[in-house]
Amino acid sequence: MARRWTPPRLALVAFCGHAPGIWILTGARLTPALARVNLVALGLTLAAMAAAGLVSAPDGRLFAVLYAWLIGHFVWSTIFAAWILRGGALRLSD
């Protein structure tokens, strides 16, 4: 099964589905280094969402939190896909 998952396909799955998508569709596991970075990215995104909610005006709070999530989500999607394209981010099983 792992042979059909080329790096560009894996990167596309990573960009759209992140770690759960990679695991569900390919059965691949993140390397320990990438798993740690994934947790840091999650924490930073949640912190940005909380900060946006705290500093924004009450009538724009929902949109500020949504924008913070979108930016964090897009940035991490891009980093995750690039890491896979560079190699060494996943363990594929045959």
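Anything mentioned here points back to the structure above.
What you see is a predicted model; the values in this text were computed from it and never measured. As a convention, each chain's residues are numbered from 1 in the sequence order in which they are written. Residues qualify for local features only when their pLDDT is at least 70, as the model is predicted, and side-chain atom pairs are given and counted only at 80 or more; totals for whole chains, interfaces and linings, by contrast, use all residues. The side-chain values count all of the structure's non-hydrogen atoms but skip hydrogen atoms and water molecules.

Caption draft 1: Structural detail: the side chain of Ser-77. Secondary structure elements are taken from DSSP: a helix is a run of H or I of four residues or more, a strand is a run of E of two residues or more, and numbering for both begins at the N terminus. Its location among the elements puts Ser-77 in helix H3 (residues 61-86). Identification of polar contacts relies on pairs of N or O atoms within 3.5 Å, with a donor-acceptor requirement for protein atoms, meaning one able to donate a hydrogen and the other able to accept it, and with residues adjacent in sequence counted only if both atoms are side-chain atoms. Among the polar contacts listed, one links the side chain of Ser-77 to the backbone oxygen of His-73, at a separation of 2.8 Å. Only heavy atoms enter the contact rule, under which two residues are in contact if any of them lie within 4.5 Å. If we ignore the near neighbours within four places in the chain, the residues touching Ser-77 are Phe-15 and His-18.

Caption draft 2: Representation of the packing of aromatic side chains in the model. When the centres of two rings from Phe, Tyr and Trp lie within 6.5 Å, Trp using its six-membered ring, the rings pair. Their planes under 30 degrees apart give stacked, over 60 give edge-to-face, and anything left gives tilted. Tallied over the full model, the rule gives 3 aromatic pairs. Between Phe-15 and Phe-74, the aromatic rings sit 5.8 Å apart at their centres with planes inclined by 90°, giving edge-to-face as the arrangement. With Phe-15 in helix H1 (residues 7-26) and Phe-74 in helix H3, this residue pair connects regions lying 59 residues apart in the sequence. Given a relative accessible area of 51%, Phe-74 falls into the exposed group. Aromatic pair Trp-76 and Phe-80: ring centres 5.4 Å apart, planes at 5°, arrangement stacked. Accessibility here uses a 1.4 Å probe with only protein chains present; expressed as a share of the type maximum, an area under 20% marks a residue as buried, one over 50% as exposed, and anything in between as partly exposed.

Caption draft 3: Highlighting a nonpolar patch on the surface. Residues Phe-63, Leu-66, Tyr-67, Trp-69, Leu-70, Ile-71, Phe-74, Val-75 and Ile-79 make up a contiguous nonpolar surface patch of about 890 Å² in total accessible area. If you trace the backbone, Val-75 turns up in helix H3. Within this analysis, patches are made of residues with over 30% relative accessible area and no salt bridge. Like charges are joined at 9 Å or less; nonpolar side chains (Val, Leu, Ile, Met, Phe, Trp, Tyr) at 5 Å or less. Only the protein chains shown count as cover for residues, and the accessible areas themselves come from Shrake-Rupley with a 1.4 Å probe. Think of a salt bridge as a Lys or Arg side-chain nitrogen and an Asp or Glu carboxyl oxygen that are within 4 Å of each other.

Caption draft 4: Molecular detail of H3. Taking 1.5 Å as the rise per residue, H3 with 26 residues should run 38 Å; its terminal C-alpha atoms sit 38 Å apart, in good agreement. Along H3, the residues that are buried comprise Ala-64, Ala-68, Gly-72, Trp-76, Ser-77, Phe-80, Ala-81 and Ile-84. Tucked into the core, H3 has its buried residues touching H1, strand S1 (29-30), helix H2 (32-55) and strand S2 (90-91). Looking one or two places after H3, you find Gly-87, whose phi comes out positive at around 95°. In a helix, the anticipated span is given by 1.5 Å times the number of residues less one.

Caption draft 5: Geometry of the nonpolar core. By convention a nonpolar core is built from buried Ala, Val, Leu, Ile, Met, Phe, Trp, Tyr and Cys residues, the set being connected through side-chain atoms within 4.5 Å. Counting 16 residues, the largest nonpolar core has Leu-10, Ile-22, Leu-30, Phe-80, Ile-84 and Leu-90 as its most contacted members. Secondary structure elements with two or more residues in this core: H1, H2 and H3. In terms of residues, this core owes the most to one element, H1, which gives 6 residues.

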